[in-house]
Amino acid sequence: MPLPSYEEAVRGQSVIMLVVTYLSVSSLAACCQVSKEWYEEVNPILWGDPIRIIAEMNRPFSRIIMFMKKWVEVAATRAVHTLDAVTTLDFRPMVALQYIAEHQQNYQIYENVMTVPWVFAHTKRFPNLRFINVSGLRMQEGATPFWQDGDIARPIQILTLSLRGLRMSPNTVPAMEAFLNVFYLDISYTPNFPDFTRVYSAVEWPNLRVIKLRGVSLTDRTIPRPLLFRLWSLDVRDNLLTDQTVDMLLETCISIPLSAPSTSFPPPDENLFDFVPPYMRDPPTQEIYSRAAIVPLRPDDEEKFTSYLRTNGNLLQHHRPVLDESDPLIRQTGLTHLYISGNKLSSLGVQTLFRRTNRLQLLDVGSVRAVPPQYYNLPYHTPLSQPNTVRFLSSSIALRLEILRVHHSVITYTPTFLPSSLASRQQISTQHLHAMETDFARDQARHWTAFSPLDNFRLRELTLTGVPTKSFGPVLCRLREFLALCAKQERILAAARAGATHRRSPEVLSGLRVLRLEFVDVAVERGGVAVGGFASVSGDRDADVFLEESRGDFSFFDEAPSVAGPVAALEASRRRVLEEAARVRGPCLVDVVAGLKEFRDTAVLRWGGRLELVFPGRG
C-alpha cells in the first residue's frame, strides 16, 4: 500500500486511521485496548471484513465455523459493538484456499458445512451487514438459502450481493425486503432455470445499478428487460445474444445521445481538454440532471464498487439513504458500461451501437463476425473483423468513450479466420495467415482508414483481441506504427498540459495509457513451412533440432570459431533455402511478441504507457 500524500495526511483521515492500515491482526486487537477513541476507530477495521482476516490465520476452516457459531450462542448485549461493526462477509478468500496444497484436505472436509444456507442462517445477528459474496460455496439441493419472512433478526439492507456460479432456482432469488436496496448483483454462470425471465422480471430493485449476467445462456427473448431500466452497467458476456439485443438495449436502457459541448478552444485543441460543466442559473430538474449531466467513469467491479460505498456511503445510520440523489453512483444516466462480447453479434450490430449513442464510457465487444461476409470469401471459415467502424471511434462521435475492447482489425486491417471445426478454433492456420495480412487487409485499407490514438484523446485503455502470435510482417508493422502514434499523442498532451497553467483551465485528457493485446495461437506447420521464423531445410525434424541447438554451442573464445564439418554444410544449406524461400514465397513468419519487444527497446521516442500481453490459456 502506498504511503499517503501530504494532503491526505493533513485533510483526510485521522492519524490513527493512517497507521492501522499497516498493522497486523494482533496489533489491531491491541490497539482496541488503548482507549475508547482508539477502540471506536480500530474496531470497524478489525471486524468490518472478518472472513478476510480469518483466512490468513492458522486452521482457517475450524476458526470460521467457531466464529459463525459464536454469534448465534452469545447474547447480543454482550457483543453489540462487534456485531454492529461487521459490514462485509466475503468468502472468496476461504474458497481460494482449496487450491493451496496444505489446505486442500481440510477444505474437502468443511466444504459440506460452509454452504450458502449455512452462511445466511448465521448472519442474522449482523444488523449492519451490507456486502455479501458467497461465490464458490455449495448450494444445498432444494434449500432456501436466504432468511425467512418471519425472521426478526436479520440485516436491514444488503447493498452488494454476489451469487456467482451457484445453482439457482425460483426459491433462491433474493426478493425479500433486506435486498430491496441492492445496488450491485452478480449472478454470472448460474444455471438458467425454466422461469428465469419471469422470476427476475417480477423482482423490484429500485436502486439496482450494476448487474452481471455473464454466461447464463441468455437469448434475445429471455433477457429480463425490467431489470435494465435503471442500470448504468450491464455485463451479458458469453451468452447467445444477437444484434436484436443491441436494438432492444438502445430502446430500453440507453438514454438519448449527448449534444456536443461548445468550447472556446480552436478545433485542433478542443479534443485535448475535458468537458467543462455548463453554467446553469437555476438548479436543474431531476430528469435533466440525471439524463443530461456528464458523470465521471464509475467503478463497476465488485472491489472498487464496495470500496466506493464504504468511503462515500452512509452504512450505519439506517434512517438516512445510503447515497445522496446527486451521487454519480446512483444517478440514472442510462447505460454507460456495456460488456457484450462472447455472443453472436456481428459488425453491423456494433456499428449500430456506435451510431445511435455516444454515452458509452466502457464498451467490450471483443471479436465479432464480419458482415457482409462476401468480402472475406474463404470456405469453411468464419471471418472475425470490425470493418467500417473506425469512423465511429473518433472523439466527435464517441464523446465519452474511455475504455474499449475490440478486434485488432481496427488497427491492422487484418481479419481473423476461424475454421468451422470446433477442435481448431483456438488457432489460426499459417495456410491462410499470409492471405489475411496481405490480400484481405489490402482490400480493407482501400475502403477505410485504421484507427489512430490521435483520433480520440479521451480513450485511455484499449484492448485488441485476436492478435496472431506470428506474422508475415504487416500486423507487426502496423502495431509498431500504432505505438509510435501513441508516443506522438503523449507529446501533444504534454505540450498542452504545460500551457494550461491557470487554475481555472480545464483538465487535459490523459490519452491512451494502457494497450492490451490478446493473442491467438498460430498453428505452425512442420513440413517445410516456417517454424518460429525458420524454414525446415531437410524435412527431417531431428536434423532441424540438432541444427538449432548447435547454433548456441558454448565457446571459451572471445570470438566464436568458424563452423566446420557437417554442421557448417547444413548451416550454409539452410541459408540458401531461406534466401530462396524469401524470393519465392516472400517473408517468413516472425514472432510478434519479440518484434514488439525489440521495437520498445530501440524506439527513439518511447511511449510511456503500459503494454500488456495476454496469451491463450494464461489469462
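(A) Here's a closer look at the overall build of the protein. Tallying secondary structure elements over the protein gives 21 helices and 17 strands in all. Considering the protein as a whole, with its 619 residues, one finds that 47% of them fall into the buried category. In the protein, of all internal contacts separated by at least 6 residues, the share reaching a separation of at least 24 is 74%. Carbon and sulfur atoms make up 53% of the accessible area of the protein, which amounts to about 31900 Å² in all.

(B) Geometry of unusual backbone geometry. Phi angles above zero are rare outside glycine, and Tyr-189 is one such case at about 55°. Inspection of the secondary structure puts Tyr-189 in the loop between β4 (184-186) and α11 (196-202). The backbone of Asn-388 sits at a positive phi, close to 55°, despite the residue not being glycine. Relative to the helices and strands, Asn-388 resides in the loop between β9 (381-384) and β10 (403-407). A relative accessible area of 29% means that Asn-388 is categorised as partly exposed.

(C) Fine view of a nonpolar patch on the surface. Taken together, the side chains of Val-15, Val-19 and Leu-23 define a hydrophobic patch exposed on the protein surface, amounting to about 250 Å² of accessible area. With respect to the element layout, Leu-23 can be found in the loop between α2 (15-20) and α3 (25-31). For Leu-23, a relative accessible area of 30% gives the class partly exposed.

(D) Looking closely at the packing of helix α18 (residues 474-499) against helix α21 (residues 592-602). Packing of α18 against α21 leaves a shortest axis separation of 10 Å and a crossing angle of 30°. The angle between α18 and α21 places the two elements in the roughly parallel class. Relative to α21, the crossing made by α18 is right-handed. Touching Leu-476, Leu-479, Arg-480, Leu-483 and Ala-484 of α18 are Val-592, Gly-595, Leu-596, Glu-598, Phe-599 and Arg-600, all from α21. Classifying every residue of the contact of α18 with α21 by side-chain character gives seven nonpolar, one polar and three charged.

(E) Local environment of the packing of aromatic side chains. Evaluation of the coordinates by the stated rule reveals ten aromatic pairs. The rings of Phe-61, Tyr-107 and Tyr-110 are connected pair by pair, giving a single aromatic cluster. Over the ring of Trp-232 we find Arg-298, and its NZ or CZ is 4.3 Å from the ring centre.

(F) Structural context of the nonpolar core. Of all hydrophobic cores here, the largest spans 108 residues; its most connected members are Ile-64, Val-134, Leu-234, Leu-249, Leu-462 and Leu-464. The element that contributes the greatest number of residues to this core is α18, accounting for seven residues. Those residues in contact with Leu-462 that sit more than four places away from it in its chain are Leu-404, Val-406, Ile-411, Phe-451, Phe-482, Leu-512, Val-514, Leu-515 and Arg-516. In this structure, Phe-131, Trp-232, Leu-329 and Ile-330 belong to the second largest nonpolar core, which totals 13 residues.

(G) Representation of α21 in the model. When we look at burial in α21, the residues that qualify are Val-592, Gly-595, Leu-596 and Arg-600. For α21, the buried positions fall inside an angular range of 135° around the axis, keeping them on one side. The exposed residues of α21 that point more than 90 degrees off its buried face are Lys-597, Asp-601 and Thr-602. If you check the start of α21, you find a side-chain oxygen 3.0 Å away from the backbone N of Val-593, and it comes from Asp-591.

(H) Focus on the pattern of salt bridges. Under the defined criterion, the tally for this structure stands at 22 salt bridges. Across the pair Asp-247 and Arg-356 runs a salt bridge whose closest N-O atoms are separated by 3.9 Å. Of this pair, Asp-247 sits in helix α12 (residues 243-252) while Arg-356 is found in helix α15 (residues 347-356), placing the two residues 109 residues apart along the sequence. Linked through salt bridges whose partners overlap, the residues forming this network are Asp-235, Arg-237, Asp-364, Arg-405 and Glu-518.

(I) Up close: the confidence of the model for the protein. Per-residue confidence for the protein gives a mean pLDDT of 79; residues scoring 70 or more make up 75%. Note on residues 286-292: pLDDT under 50 across the span, and 15 contacts to partners over four residues away in sequence or across chains. Note that pLDDT drops below 50 for residues 524-564; the model gives that stretch 47 contacts with residues more than four away or on any other chain.

(J) A look at the packing of α12 against α15. Look at α12 against α15: their axes get within 8 Å of each other, and the N-to-C directions meet at 15°. By the angle class used here, α12 and α15 are roughly parallel. Crossing angle aside, the handedness with which α12 passes α15 is right-handed. Taking contact as the criterion, the partners of Asp-243, Val-246, Asp-247, Leu-250 and Glu-251 in α12 are, on α15, Leu-348, Gly-349, Thr-352, Leu-353 and Arg-356. Class assignment for the residues of the contact of α12 with α15 results in four nonpolar, two polar and four charged.

(K) A look at the pairing of strand β13 (residues 461-468). Counting buried residues in β13 gives eight out of eight residues, a clear majority hidden from the surface. Here five bridges tie β10 to β13, and the two strands are oriented parallel to one another. By the bridge assignment for β13, His-407 is matched with Thr-465.

(L) Up close: the environment of Asn-181. Structurally, the position occupied by Asn-181 is in the loop between β3 (160-162) and β4. Separated by 23 residues in the primary sequence, Asn-181 and Ile-158 place their C-alpha atoms 6.6 Å from one another. Dropping the residues within four chain positions of it, Asn-181 is found in contact with Gln-157, Ile-158, Leu-159 and Asn-207. One polar contact links Asn-181 to Gln-157, side chain to side chain, over a distance of 2.7 Å.

(M) Just the environment of Phe-615, in detail. As for its position among the elements, Phe-615 is in the segment after β17 (610-614). The spatial distance from the C-alpha of Phe-615 to the C-alpha of Leu-517 is 8.4 Å, given a sequence separation of 98 residues. With sequence-adjacent residues up to four places away left out, Phe-615 is seen in contact with Phe-519 and Val-593.

Rules of the game
- Residues numbered from 1 in each chain as written.
- Predicted model: local features only at pLDDT ≥ 70, side-chain atom pairs only at ≥ 80, totals over all residues.
- Heavy atoms only, no water.
- Helix = DSSP H or I, 4+ residues; strand = E, 2+ residues; numbered from the N terminus.
- Buried < 20%, exposed > 50% of the residue type's maximum accessible area, 1.4 Å probe, protein only.
- Contact = heavy atoms within 4.5 Å.
- Areas by Shrake-Rupley, 256 points an atom, 1.4 Å probe, with all protein chains shown as cover.
- Patch = residues over 30% accessible without salt bridge, like charges linked within 9 Å, V, L, I, M, F, W, Y side chains within 5 Å.
- Salt bridge = Lys/Arg side-chain N within 4 Å of Asp/Glu carboxyl O.
- Axes fitted to C-alpha atoms, helices over the stretch in contact; angles between N-to-C directions.
- Parallel < 35°, antiparallel > 145°, perpendicular 65-115°, else oblique.
- Left-handed = near helix turned anticlockwise from the far one by under 90°.
- Nonpolar A, V, L, I, M, F, W, Y, C, P; charged D, E, K, R; others polar.
- Phe/Tyr/Trp six-rings, centres within 6.5 Å; stacked < 30°, edge-to-face > 60°.
- Lys NZ or Arg CZ within 6 Å of the ring centre and 35° of its normal.
- Core = buried A, V, L, I, M, F, W, Y, C linked by side-chain atoms within 4.5 Å.
- Arc of directions from axis to C-beta.
- Polar contact = N/O pair within 3.5 Å; in protein donor to acceptor, adjacent residues only side chain to side chain.
- pLDDT = per-residue confidence, 0-100.
- Pairing = 2+ DSSP bridges.

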